[in-house]
Amino acid sequence: MRKSFILLLAFFLCVTGYAQKLTISGVVIDKDLNEPLTGVNVLVKGTTTGTITDFDGKYTLEADANSILVFSYLSMKTIEEPVNGRTKIDVTMVSDAEALDEVVVTAMGIKRESKTLTYSAQTVGGKDLNEIKNVNMINSLQGKSAGLQITPNSTGAGGSSKILFRGNKSISGSNQPLIVVDGVPMMMSVSDSQVKMAYGGERDGGDAMSTINPDDIAQITLLKGASAAALYGAVAANGAIMITTKSAQAGKVAINVSSNTTVESAMSLPKFQNNYGMSDEGTFSWGSKLGATSPNYARKFYQPGYTTNNSISLSGGTENISSYFSYANVSSNGIMPENDYLSHNLMAKVGFNLWKKVHVDVSARYNKQHIENQPSAGYLNNPITGAYLFPRGEDWDYYKSNYEVYDGVRNVNVHNWTNTKQEQFSNPYWMLNRQTPITDRNRYEFGGSVKYDIMEGLSVTGRLRYERGDEKWILNEYASSTAGRNLLGTMKDTRTFSEQTYADALASYNKTWDETYSLSVTAGGSIELIGWGDKEFKVNNGVITPGAYYPNIFSPKNYYTMQTTETLKEKRLNSVFATAQFGYKEGLFLDVSARNDWSSSLAFTDGVSFFYPSVGVSALLDKFLDFGKNVDLFKLRASYSI
């Protein structure tokens, strides 16, 4: 009977996907060249788990026995390979002729055939971002492009992500690529996007990527390196991520509804000693040996988390007018108790022909986020510290249910913990309920463009977009916080904003002569105005010495003195730029681009400016030489930029 039960349980685990993970390895070969392929994306279908092949075409990753591996590579047909319990899977990839004629969106929103480019660019479709939706859509790109590294912060929903193209290029400066939406650079953050690592911990101000609805994205083009993004100047020295949002198709009405829920849990926890109790002196040193092994208190602290994404869009139009509207919301409960996230996203795009040769596009987007108990870095303001350092052998459930007790002398509930004299950590449940950080963010975008087709091949375009982000961050700490030294309670209220106005004008000309020579030229100028600042209210005293009239009344009028700081900064960037591509018999291409910036960071009157030239050449040798029917593309390219 017992043997039958074990066999039945093993079968159930296998068919339901709970089998033990396998370590899978293999080699990816180019069928035409019979050589290993470097940089092939290997992804576990339906997840964000993936890797890339090395210089020898080899890869290694972990996956379930019943999962499916997806192998993708630029200009190669994508292959899906079921694991079926195998630990070694070799794959042979063949070229995809259709991919060679792919049109990609490059700098300034200029469209080019991918095979003619003189630099590295890769396109990711919107559907690739929605297989497993992420609160921050940029995290869905992990494992989908060679040289792209995305590191989410541990601050959960609403937190920022670190994006790297081909490694770090600066020690002290930013290594983030430029984010461009519909041809216009995006204002990246409403406050400090990365966590400030401090002894007491700081907040993660999030980034603009987390405000974009993945269902609104039609295509993403990754421009790698300075040559690819030279038209944007120094701000794109680390490359650029070109995002194209969806628009309606003429003669078609579509309604799309999607809902996605993911469940998560703590993957791994530190190893704790569970044999010795707390020292009699109340220090970090171990006490006497326990009679029984203590449970893992950190595991008891975490809870299953979930994230639900809901989205609906409506689009439709004719040859003269089209419109696209969408609404999305995200609800998330983190693996840390009392960590809640809620966001709403609205988007509207309308395009119409004002006259026969004039086309107008207008768009608007709004995002609202509310976050409570977002996990923080640092030491003092982090509930995880108490969960990890809880003395072995003590009663965790008691302190969980009684994180505060009544103090008759002070006539107020106070912090209850094993040893409040230790200032290094506190009861996690006191912090979650009586030192709750609350963040509210609002982001607005309004933009439009006008294109005038002067004659065949010649057009002018003007674009304008305004963005603003506002954040309100509140941290009220009840009396007896900070190991009891907080006598009557303290408060901190921080308001942060950032805004950007961007405008540019472009003139484009395209001409082909006798199917032999081709010319594509775009020239223009742009103005970018950026402003940011913050205003902070916080108690100047209240710890060690009383600073308030009454305990736990979080109003400026309740405190003897309040410290107020306010900052405001502005920056302007004027630019002119031009790019040209010369083609010969659709097989030889020469790209030349240049940009000059005048920044208010330096005095305009001093005549100081920055010049960014770039030149590149690409040759499609298969257009001039016969390599046989098995060769679809033979390309050489080189580029140089400053």
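Residues numbered from 1 in each chain as written. Predicted model: local features only at pLDDT ≥ 70, side-chain atom pairs only at ≥ 80, totals over all residues. Heavy atoms only, no water.

A count of helical and extended segments in the protein gives five helices and 34 strands. The buried share of the protein, taken over its 642 residues, is 44%. Contacts in the protein between residues at least 24 apart in sequence constitute 65% of all its contacts with a sequence separation of at least 6. (Helix = DSSP H or I, 4+ residues; strand = E, 2+ residues; numbered from the N terminus. Buried < 20%, exposed > 50% of the residue type's maximum accessible area, 1.4 Å probe, protein only. Contact = heavy atoms within 4.5 Å.)

In the structure shown here, the tally under the stated rule is 17 salt bridges. Two residues, D90 and K88, come together in a salt bridge whose shortest N-O distance is 3.7 Å. Using a relative accessible area of 53% as the deciding quantity, one classes K88 as exposed. A salt bridge links R443 to E467, with the shortest nitrogen-to-oxygen separation between them at 2.7 Å. With a gap of 24 residues between them, R443 in strand β27 (residues 437-455) and E467 in strand β28 (residues 458-477) connect regions that are remote in the sequence. Look at the salt bridges and you will find they share partners, linking R365, R443, E445, R465 and E467 into a network. (Salt bridge = Lys/Arg side-chain N within 4 Å of Asp/Glu carboxyl O.)

With that settled, the discussion passes to the packing of aromatic side chains. Scanning the entire structure with this criterion turns up 19 aromatic pairs. Taken together, a centroid distance of 4.8 Å and an interplanar angle of 80° make the contact between Y297 and F390 edge-to-face. Here Y297, found in helix α2 (residues 297-301), pairs with F390, found in the loop between α3 (383-389) and α4 (396-401); they are 93 residues apart in sequence, far enough to count as distant. Relative to W396, the ring of F390 has its centre 5.1 Å away and its plane inclined at 90°; by these criteria the two rings are edge-to-face. Residue F390 is classed as buried on the basis of its relative accessible area of 1%. (Phe/Tyr/Trp six-rings, centres within 6.5 Å; stacked < 30°, edge-to-face > 60°.)

Turning our eyes to something else, we now look at unusual backbone geometry. At D182, a position not held by glycine, the phi torsion is positive, near 55°. In this structure, D182 sits in the loop between β14 (178-181) and β15 (184-185). Taking the relative accessible area as the measure of exposure, D182 reaches 33% and is therefore partly exposed. Of note, the phi angle at N373 is positive, near 55°, even though the residue is not glycine. Position of N373 among the secondary structure elements: in the loop between β24 (358-372) and α3. Taking relative accessible area as the criterion, N373 reaches 4% and is therefore assigned buried.

In this section: the sheet that holds strand β7 (residues 79-82). Strand pairing in a sheet relies on backbone hydrogen bonds, with the paired strands running either antiparallel or parallel. Read across the open sheet, the four strands follow the order β4-β3-β6-β7; overall the sheet is antiparallel. Every other strand in the sheet has two partners, leaving β4 (50-52) and β7 as the edge strands with one partner each. When strand polarity is set aside, the average angle formed by the axes of neighbouring strands in this sheet is 20°. Of the pairings in the sheet, the one linking strand β3 (residues 41-44) to β4 comprises three bridges and is antiparallel in character. Bridge pairing links V42 to T51 in β4. (Pairing = 2+ DSSP bridges. Axes fitted to C-alpha atoms, helices over the stretch in contact; angles between N-to-C directions.)

M108, L223, Y232 and M242 are the most contacted members of the largest nonpolar core, which totals 22 residues. The set of elements that each furnish at least two residues to this core consists of β9 (103-105), β14, β17 (240-245) and β29 (490-513). Apart from residues no more than four positions distant in its own chain, L223 is found in contact with V105, T106, A107, Y119, S120, A121, F165, A228, G239, A240 and M242. Listed in part, the 19 residues of the second largest apolar core include M137, I150, V181 and A208. (Core = buried A, V, L, I, M, F, W, Y, C linked by side-chain atoms within 4.5 Å.)

Quick look at the environment of V70 now. Mapped onto the secondary structure, V70 falls in strand β6 (residues 68-72). With relative accessibility at 14%, the residue V70 sits in the buried group. Residues V70 and G50, 20 residues apart in the sequence, show an inter-C-alpha distance of 9.1 Å. Apart from residues lying up to four places away in sequence, V70 is in contact with N41, V42, L43, K45, T78, I79 and E80.

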